[in-house]
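Close look at the chain arrangement
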Amino acid sequence: MTAQSPDPMRRPVPSGELRASHDDREAVVEQLRDAAAEGRIDLDELDSRLEQALTSKTYAELAVLTADLPKSPSAPAENLPPLVLKGGMYGESRGPGRWEVPGHVIAHAGVGGVSLDFTRVECRLAEVVVEAYGETSGVTIVIPDGWATDTTGMNPGFGGLKDRTTPDRLPGTPLIRLTGSGGMAGVVIRHPNKRERRKLDGNATRD
């Protein structure tokens, strides 16, 4: 059997070339305004950088505008408390969209189920532990292409574990270390489906 050559259309896009969203641009705008208020840049430079920020298309273009400014004093992601999601009666979800990813996420499906979507987050952690309990309605976890998962610490339980991810991990992306139990309804971890990909592509086009 001959090995198939990689499809050039599926070549991973470098993180700096990824399309920036409206929220990404707004975050840079706020950082620039704070820098001006602190006297780090003057008003003329602020106007120039704001104009560039509002017209930037990629993360790399935004990064240049704040490269010489100190980082905001917000707590590092690894110091954030665990994120606990409880499906309860009506379900709970986090994402799609931008949200701050801590090093530990705990998901109890309950009766309503839990959905975790990492496809539009920025995560600089080397590893994120997701402790999932399928219970009655199950837990669904969606991770971007290029992220990988380790499910060796997961107890499939009666409901089972469905790992539909690929092992191809891109440099600089976190490893999702999945633990917990499938319970009655099971746990699913996967990459975006066709409908979700179309929505992601649409958001990138609007950005």
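Preceding this paragraph is the structure being described.
Okay, so let's go over this structure. (Residues numbered from 1 in each chain as written. Predicted model: local features only at pLDDT ≥ 70, side-chain atom pairs only at ≥ 80, totals over all residues. Heavy atoms only, no water.)

**With respect to the overall build of the protein**
The condition is simple: Strands are runs of DSSP state E lasting at least two residues, helices are runs of H or I lasting at least four, and both sets are numbered from the N terminus onward. Whether a residue is buried, partly exposed or exposed follows from its accessible area with a 1.4 Å probe, protein chains only, as a fraction of its type maximum: under 20%, in between, or over 50%, in that order. Per-residue and other accessible areas were derived by the Shrake-Rupley procedure at a 1.4 Å probe size, with only the shown protein chains allowed to occlude residues.
Per the secondary structure count, the protein includes four helices and 10 strands. When the helices and strands of the protein are listed from N to C terminus, the series reads α-α-α-β-β-β-β-β-β-β-β-β-β-α. Looking at the protein as a whole, 39% of its 207 residues are labelled buried. Counting only carbon and sulfur atoms, one obtains 53% of the accessible surface of the protein, whose full area is about 12,500 Å².

**As for a nonpolar patch on the surface**
The cut-off we apply is this: Excluding any residue in a salt bridge, patches collect residues exceeding 30% relative accessible area, merging like charges within 9 Å and nonpolar Val, Leu, Ile, Met, Phe, Trp and Tyr side chains within 5 Å. Salt bridge, as used here: a side-chain nitrogen of Lys or Arg that lies within 4 Å of a carboxyl oxygen of Asp or Glu.
On the surface, a cluster of nonpolar side chains totalling about 420 Å² of accessible area is made up of M89, Y90 and V111. Turning to its location among the elements, Y90 is positioned in the loop between β1 (83–86) and β2 (92–94). A relative accessible area of 80% places Y90 in the exposed class.

**Observations concerning the packing of helix α1 (residues 22–37) against helix α3 (residues 59–66)**
This is how it is decided: The axes are straight lines fitted to the C-alpha atoms, using for helices just the contacting stretch, and the angles between their N-to-C directions are given from 0 to 180°. These descriptions rest on fixed angle ranges, namely under 35 degrees for roughly parallel, over 145 for roughly antiparallel, 65 to 115 for roughly perpendicular, and the rest for oblique. Residue contacts follow a heavy-atom distance rule, with two residues in contact if any of their heavy atoms lie within 4.5 Å. Just so you know the grouping, Ala, Val, Leu, Ile, Met, Phe, Trp, Tyr, Cys and Pro go in nonpolar, Asp, Glu, Lys and Arg go in charged, and all remaining residues, Gly too, go in polar.
Where α1 contacts α3, the two axes come as close as 10 Å, and the packing angle between them is 5 degrees. With respect to α3, the element α1 is oriented roughly parallel. Residues D24, R25, V28, Q31 and L32 of α1 lie in contact with α3, whose contacting residues are Y59, L62, L65 and T66. The class makeup of the residues in the contact of α1 with α3 is five nonpolar, two polar and two charged.

**Thoughts on helix α2 (residues 43–55)**
The condition is simple: Multiplying 1.5 Å by the residue count of a helix minus one yields the expected span of that helix. The arc refers to the directions leading from the helix axis to the C-beta atoms.
With 13 residues, α2 ought to run about 18 Å at 1.5 Å a step, and its terminal C-alpha atoms sit 19 Å apart, in line with that. Taken residue by residue, α2 has L46, R49, L50 and A53 as its buried positions. For α2, the angular spread of the buried residues around the axis is 105 degrees, confining them to a single face. Facing away from the buried side of α2 by over 90 degrees, the exposed positions are D44, E51 and T55.

**A closer look at the nonpolar core**
Cut-off, in case you're wondering: Here the nonpolar core consists of buried residues drawn from Ala, Val, Leu, Ile, Met, Phe, Trp, Tyr and Cys, with membership extended through side-chain atoms lying within 4.5 Å.
With 25 residues, the main nonpolar core has L116, F118, V128, V130, V139, I141 and L178 as its most contacted residues. Those elements that place two or more of their residues in this core are β1, β3 (104–108), β4 (114–117), β5 (127–133), β6 (139–142), β9 (175–181) and β10 (187–190). It is β5 that provides the largest number of residues to this core, a total of three residues. In contact with V139, other than residues within four places in its own chain, are A107, A109, V114, A132, Y133, G134, G186, V187 and V188. Ranked by size, the runner-up nonpolar core spans 14 residues in total, among them A20, V29, A53 and L65.

**Points about the environment of L62**
Along the chain, L62 falls in helix α3. Between the C-alpha atoms of L62 and Q52, which are 10 residues apart in sequence, the distance is 8.1 Å. Setting aside chain neighbours within four positions, we find L62 in contact with A20, D24, R25, V28, A53 and S56.

**Some details on the layout of surface pockets**
In plain terms, the rule: Residues are called lining when one of their atoms sits within 4 Å of a cavity or pocket point, these points coming from a 1 Å grid over the protein atoms alone, where a cavity is a set in which a 1.4 Å probe fits but cannot get out and a pocket is an open set with protein on both sides within 12 Å along at least five of seven lines. Grid points are joined across faces, edges and corners, and a volume is the space filled by probe spheres set on the points.
Put simply, the second largest pocket is a space of about 190 Å³. Lining the second largest pocket are 15 residues, with P96, D117, T119, E196 and K199 positioned closest to its centre. Along the lines of polarity and charge, the residues of the lining of the second largest pocket split into four nonpolar, five polar and six charged.

**Thoughts on the packing of α1 against α2**
For any two helices packed against each other, the geometry comes down to the angle between their axes and how far apart the axes lie. Interhelical geometry of α1 versus α2 gives an angle of 175 degrees and a closest axis separation of 9 Å. Classified by the angle between their axes, α1 and α2 sit roughly antiparallel to one another. Facing α1, whose interface residues are R25, E26, V28, V29, L32, R33 and A36, α2 presents L46, R49, L50, A53 and L54. Class assignment of the residues belonging to the contact of α1 with α2 gives a composition of eight nonpolar, no polar and four charged.

**Here's the deal with the packing of aromatic side chains**
Under the convention used in this document: Stacked, edge-to-face and tilted labels apply to pairs of Phe, Tyr and Trp rings (six-membered ring for Trp) whose centres lie within 6.5 Å, assigned for plane angles under 30 degrees, over 60, and everything in between, in that order.
Applying the stated criterion across every chain, the model contains two aromatic pairs. Look at W99 and F118: their rings are 5.1 Å apart centre to centre, the planes differ by 45 degrees, and that puts the pair in the tilted class. Placement of the pair is W99 in the loop between β2 and β3 and F118 in the loop between β4 and β5, with a sequence separation of 19 residues. A single burial state applies to W99 and to F118, both of which are buried. Ring centres of F118 and W147 lie 5.8 Å apart, and the angle between their planes is 50 degrees; on these two criteria the pair is classed as tilted. Of this pair, F118 sits in the loop between β4 and β5 while W147 sits in the loop between β6 and β7 (148–155), and the two are 29 residues apart along the sequence. Judged by relative accessible area, F118 falls into the buried class, the value being 0%. By relative accessible area, which is 6% here, W147 ends up buried. Three or more aromatic residues link up through ring pairs in this structure, and these residues are W99, F118 and W147.

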